[in-house]
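# Chain and residue survey
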Amino acid sequence: MKHFLSITDLSPEQIKQIIRQAILMKKSHKKSDQNTHTWSQKSLPLEGKTFAMFFEKPSLRTRLSFETGIFQLGGHGIYLDQNNVWLGVRESLSDTAKVTSSMVDGIIARTYAHSTLQEMALHSSIPVINALSDLDHPCQVLADLMTIFEEFWTFVWVKISYIWDCDNNITNSLCLACALLDIEFACAWPAWYMLPPEIIVQAVQLNPNFIFTQDPSPSVIAKNAQVIVADTRVSMWDEQEKESRIADLQEYQVTQDLMSLADPNTIFLHCLPAYRDVEVTTQVIDGPQSRVFQEAENRLHVQKALLSYLFW
Ligand code: CP
Ligand code: NVA
């Protein structure tokens, strides 16, 4: 049985296979007259399968892409929000996991603590998929990689530079993904939002040749990048720091001037939701180098490919 709690649950070859499959699924979805099933009725990969979708935190993209994707592949997703389920409050996580395993085929969960996912996976007899935790957002990073691949058709010479808070789920998953795929990865962060040392250690264990640079200056790391990435100034875990995070450090904003330091073919990614004109200017997010809406759409296609890989 395969859980997907971290991007490291997949090998580099599996990641590439899922991306290739996602690109095919996207193509066939766009060609399809109908906006629903793109597979022949006989071979819908999730035919008759049901998924419990536990969400402790809000979501637009993740919920929408999983529910739509499951439907398009012939399955059924049941959204269970925290107001109704009280994950870990009404009963132990192990009881929830056992009961859910007895009725459905897969669990998709967005949790505050990564340990909640691990506990559920430990007691589930069905696959558990991470739909974001404090530590990891592997589905997002699959969509990011797909978007990068659609742009450059290779990962070989691509360099990714990430700007701002590196102590977060997106950077953790991105760093590990880069190590797996041997992509050069650079970060610019204010000293108090560092990438956790254990993630760097894990990345280097995965790939001793992994090239990782850290520099306090965004302009230094922007120069060589094919992909510039930012994330929200205020993650769903950090609301109590909202004012200081927004007020802090304008120099970590992705502006057109910063983008202009890189090659004109360099693209900008952001998982969304974004605070416009805080971590990135409206000019950049709506500009010609931005791929953020393609990146968001790719959540649908890459998760369909992931679900097909895990459940078919
Ligand atoms: N990027 C992302 O996961 O968005 P949501 O929080 O809206 O699901
Ligand atoms: N780092 C962000 C990602 C949102 C998709 C958060 O955890 O809120």
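To start, this report covers the structure provided alongside it. On a predicted model such as this, the values are computed, not experimentally measured, just so you know.

Glancing now at the site of ligand 2. The local shell around ligand 2 consists of L132, H137, N168, N169, D231, T232, S235, M236, C271 and L272. A distance of 2.7 Å separates a nitrogen atom of ligand 2 from a polar atom in the side chain of D231. S235 is positioned such that a nitrogen or oxygen atom in its side chain is 2.7 Å from a nitrogen atom of ligand 2. For ligand 2, the accessible surface in isolation is 270 Å², of which the surrounding protein chains cover 95%. Tallied by class, residues from the shell around ligand 2 come to 4 nonpolar, 5 polar and 1 charged.

Should the charged atoms of two oppositely charged side chains come close, the side chains can pair. By the definition in use, this model includes 6 salt bridges. The partner of E150 in a salt bridge is K26, and the shortest N-O contact between them spans 2.9 Å. You can see E150 sitting in helix α6 (residues 138-152) and its partner K26 sitting in helix α1 (residues 12-31), a full 124 residues away along the chain. Across the pair, exposure class does not vary: E150 and K26 are buried alike. For R276, the salt bridge identified is with D286, shortest N-O distance 2.9 Å. One end of the pair, R276, is in the loop between β9 (267-270) and α12 (282-285); the other, D286, is in the loop between α12 and α13 (292-311), and 10 residues separate them in sequence. The class of R276 is partly exposed, set by a relative accessible area of 37%. Here D286 falls in the partly exposed class, since its relative accessible area comes to 47%.

Here we come to the side chain of H114. Note on placement: H114 falls in helix α5 (residues 114-123). Residue class for H114 comes out buried when judged on its relative accessible area of 9%. Of the polar contacts made by the side chain of H114, one reaches the side chain of S133; its length is 2.8 Å. Discounting residues that sit within four places of it in the chain, H114 has contacts with L5, N130, S133, D134, L135 and D136.

Reading the values: the criteria
Residues numbered from 1 in each chain as written. Chains lettered and ligands numbered in written order. Predicted model: local features only at pLDDT ≥ 70, side-chain atom pairs only at ≥ 80, totals over all residues. Heavy atoms only, no water. Near = heavy atom within 4 Å. Polar contact = N/O pair within 3.5 Å; in protein donor to acceptor, adjacent residues only side chain to side chain. Areas by Shrake-Rupley, 256 points an atom, 1.4 Å probe, with all protein chains shown as cover. Nonpolar A, V, L, I, M, F, W, Y, C, P; charged D, E, K, R; others polar. Salt bridge = Lys/Arg side-chain N within 4 Å of Asp/Glu carboxyl O. Helix = DSSP H or I, 4+ residues; strand = E, 2+ residues; numbered from the N terminus. Buried < 20%, exposed > 50% of the residue type's maximum accessible area, 1.4 Å probe, protein only. Contact = heavy atoms within 4.5 Å.

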